[in-house]
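The residues making up each chain are set out below.
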Amino acid sequence: MEVAQEILNAPSVTKEAVELSGSQALLEALIVEGVDTIFGYPGGAIMPIYDALYDYHDKLNHILVRHEQGGIHAGQGYARTSGKVGVVFATSGPGATNLVTGLADAQIDSTPLVCITGQVFAHLLGTDAFQETDVINITTPVTKWNYQVTDATEIPEVIAKAFYIAKSGRPGPVLIDITKNAQIQKFNFEGYTPCKHIRSYRPKPIVRPQYIQEAAELINAAKKPFVLWGQGVILGSAEQEFKTFIEKSGIPAAWTILGAGAIPTDHPLNVGMLGMHGNYGPNVLTNECDVLIAIGMRFDDRVTGRLDKYAKQAKVVHLDIDPAEIDKNVKSTVPVWGDCKETLPLLTELIEPKKHTEWLAKFNDYTSKEFDAVIEAELNPKTEEMTMGEVIKQLNEITKGEAIIVSDVGQHQMVACRYAKLNKTRSNITSGGLGTMGFALPAAIGAKFGAQDRDVIAIIGDGGFQMTLQELGTIMQTGVNVKIIILNNRFLGMVRQWQELFNERRYSFVDIQSPDFVALAAAYRIPGKCISDRADLPGALNEMLNNKGSFLLEVMVTKENNVFPMVPQGCSVAEIRLK
Amino acid sequence: MSNQDIEKQEFNITVYTENQIGLLNRIAIIFTRRKINIDSLNTSPSEIERIHRFNIVITESEDVVRKLCRQIEKQVEVLKVYYHTNEDVIWQELALYKVSTDVIAEKVSVERLLRENGARAVVIRKDYTVFETTGHREETDNLISILQPYGLIEFVRSARVAIIKDSDGFNRKLREFERLEPGEDVIENEYLNKGDKVFTM
């Protein structure tokens, strides 16, 4: 990772010992780590840190969120667009427990975060003190690493380890719990040295030429090779290496939703999206290819469908930085354990330049079938009511694929991922592994802070928006420029779709009512508009994008549309349904 | 019995770790999350100062054990994980038995039985006597059934401790880990060590 490397090479900052409090030492450490933005919410047990922060407001931009879950999702959005570590502050007890959903989300989506929680005084630990909770044990399953600091002298070393662990290897969330006494305690601060090595932790393996060689032989002999790529390409900043690899090999490549955007949507070898609501060709042809090359992806069940009928005919080359992912779900023929930024160029060197014209044409055949059966009706509907797809299509025409798209979870997420045009990497921010409704609004705020020069557009359902809508307050107070599109189908659409298809239309508690979203936004002094006529769509989208600050656009879409294609649960990818 | 049950057998997982609060929980939840029962778990110092050693016994198929070991090794404070079948290790469990001293005094056969089973008296008091034996599960189990008719008052058995037959210890590996640039040992993995019974990554 480029960012990691830069920091590794940075000279250690050593000053003469000065007496600092634990809180001051923490903030000094953050500055050396290059932190510029913190998402947080104060409270009793973290007050000494907030008191110290009062003197650092010119160096550290603290964003006051409205709920700690909003804070951590914002941290995730920031990390995903900037490539840096997201930093989140929360107090003890409820502050800390409110982080748990975001930690789980960051853990499964490999997002680098350092979360600092306040904790009661060390002498009160275990006494059921006010706002005491056992945050270390609660967060152990959902963090890459966590640690409780009870003595200020530990802070420099622990924070250095936290950043190193969060961003190196397969990134992930780290939580540091600091007792109040350690925040207050003064000690001789002898400077801050970023961590470069932990003897029990080996984030990056040495590349083994033997496997690169074997992988290249398989690829060179393949008649119908197929590349699947995931977020590993983006996390490893290996977009260019990846592009060179597929262009030389001429292999069609499909993406997981977290991998989307690593190469542009309209790249000729980009054959589309994998998985349950992915494209027709990539799913069907997974079970026809002869060599499957998986790069920085983990064969999630939403991608593989039924595992015992998944790509059984293919030899599998799996490139991943995390050895625990190799053979976890899909047995690999050749495991290429390593950072794909290093392994891909070595592989590219050994492969023969090819053009798999006929094989690629097969993907295009499936695309036209899918277009006729699904895409045409979704993007160019003849119905009176609007579809989600046409909103995305119209948006593409205006943004030209330059915007960052942040989506929530549900039908609109699948539609956004399927149809949004992405020209650049780090442009598709969504909750992939955990499927956290309520992710998008706070993540979009963080995404904008992480990429100030880009347009950030949050696409959210009427259900998910109501889970974290309090973050409109954060938008109001910070003036951050986030465009919000609510695709309102007056249903919890994805659950409704499943109830329609698999539960005989027994619509059980999916009929959700919404407030007047435009009036709600207005209460937060955010301009907005609600449209239900197709004719108003281009104008409204332009108005939203041309507005100087944030804008909320509610689009009423048809109530009972289904997302297709679909690989029903328990079915193989080849059994993908077009209707 | 399904095929998977047939493949299941006891595996001895050896974990070398840093000595860190909370690590036991981090390792234990790798099993509990997958609803896998830990048959036996022992933590102790290792041959190296400040390096801890876990001995974990589970009954599972090798495929599952291998995946679990990778998840364990992924934890930041874990240095190295090995797994072995019972044939690959020397293992012992320690058991204590409390019986009434009167019964032993009255029935000479009891003392003979205890001696025959390798037990030795740890404490002899007026009211009770505590015997100790070490061995494999069957041996310590066997003594329970022998003592049961004579009024076994209390029984306890320790977790299993196991020494790996084919191991040179951990000192040399640790020195590798301490280097900034990892050497061959650090990057070895099972694919390069197919012949070895020792699991390494």
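So, how was this worked out
- Residues numbered from 1 in each chain as written.
- Chains lettered and ligands numbered in written order.
- Predicted model: local features only at pLDDT ≥ 70, side-chain atom pairs only at ≥ 80, totals over all residues.
- UniProt positions renumbered as here; feature names shortened; annotations may be inferred.
- Helix = DSSP H or I, 4+ residues; strand = E, 2+ residues; numbered from the N terminus.
- Buried ≥ 20, exposed ≤ 12 C-beta atoms within 10 Å, placed from the backbone.
- Domains from an automatic or database assignment.
- Nonpolar A, V, L, I, M, F, W, Y, C, P; charged D, E, K, R; others polar.
- Pairing = 2+ DSSP bridges.
- Axes fitted to C-alpha atoms, helices over the stretch in contact; angles between N-to-C directions.
- Contact = placed C-beta atoms within 7 Å.

The name given to chain B in an unreviewed UniProt entry is acetolactate synthase, and the organism recorded there is Mucilaginibacter frigoritolerans. What the UniProt record of chain B gives under Catalytic activity (unreviewed entry) is the line "2 pyruvate + H(+) = (2S)-2-acetolactate + CO2". According to the UniProt record, the Subunit (unreviewed entry) comment for chain B reads "Dimer of large and small chains."

As recorded in an unreviewed UniProt entry, chain A goes by the name Acetolactate synthase, listed as coming from Mucilaginibacter frigoritolerans. Checking UniProt for chain A, the heading Catalytic activity (unreviewed entry) contains the comment "2 pyruvate + H(+) = (2S)-2-acetolactate + CO2".

Novice: Hey, could you run me through unusual backbone geometry in this one?
Specialist: Trans peptide bonds make up most of the peptide bonds, and negative phi angles are found at most residues other than glycine. Residues and elements named next belong to chain A. Looking along the chain, the bond that leaves Phe 564 and enters Pro 565 is cis, with omega of 0°. Positionally, Pro 565 belongs in the segment after β20 (551–556). At Asp 327, a residue that is not glycine, the phi angle is positive and equals roughly 70°. By C-beta crowding, Asp 327 is classed as partly exposed, having 19 other C-beta atoms within 10 Å. For Arg 426, which is not glycine, the phi torsion reads 55° and is therefore positive. The class of Arg 426 is buried, set by 21 C-beta atoms lying within 10 Å.

Novice: Can you help me understand the UniProt feature "domain: Thiamine pyrophosphate enzyme TPP-binding" (unreviewed entry) in chain A in this one?
Specialist: Per the UniProt record, the feature "domain: Thiamine pyrophosphate enzyme TPP-binding" (unreviewed entry) sits at residues 408–555 of chain A. The distance from the first to the last C-alpha atom of residues 408–555 of chain A is 15 Å, and the span holds 39% helix and 16% strand.

Novice: What is the right way to look at the domain arrangement of chain B in this model?
Specialist: Accessible area lost on assembly of the parts is the figure often given for the size of an interface. What the domain assignment lists for chain B is domain 1 (3–89 + 165–192) and domain 2 (91–157). In this structure, domain 1 of chain B and domain 2 of chain B have C-alpha centres spaced 33 Å apart.

Novice: Please explain the domain arrangement of chain A as it appears in this structure.
Specialist: All names here are of chain A. When its domains are assigned, chain A resolves into domain 1 (2–189), domain 2 (209–363) and domain 3 (384–556). Summarising the inter-unit geometry, the C-alpha centres of domain 1 and domain 2 are found 36 Å apart. Of the residues that constitute the side of domain 1 that touches domain 2, the class distribution is one nonpolar, three polar and three charged.

Novice: In this structure, what is going on with the sheet that holds strand β2 (residues 37–40) of chain A? I would like to understand it.
Specialist: The strands making up a sheet associate through backbone hydrogen bonding, with each pair oriented either parallel or antiparallel. Residues and elements named next belong to chain A. Taken in spatial order, the six strands of this open sheet run β3-β2-β4-β5-β7-β6, and their pairing is parallel. In the strand order of this sheet, the two ends are held by β3 (61–64) and β6 (145–149), each with one partner. Averaged over neighbouring strand pairs, the angle between their axes works out to 20° when direction is ignored. This element, helix α8 (residues 155–167), spans β5 (113–119), β6 and β7 (173–179) of the sheet and lies at about 165° to β7.

Novice: Which parts of the structure should I look at to understand the sheet that holds strand β18 (residues 483–488) of chain A?
Specialist: All names here are of chain A. Here six strands make up an open sheet; going across it, the order is β16-β15-β17-β18-β20-β19 and the pairing parallel. Only two strands of the sheet have a single partner each, and these edge strands are β16 (428–430) and β19 (528–531). Averaged over neighbouring strand pairs, the angle between their axes works out to 15° when direction is ignored. The pairing of β18 with β20 spans six bridges and is classified as parallel. Bridge assignment links Ile 484 to a residue of β20, and that residue is Leu 552.

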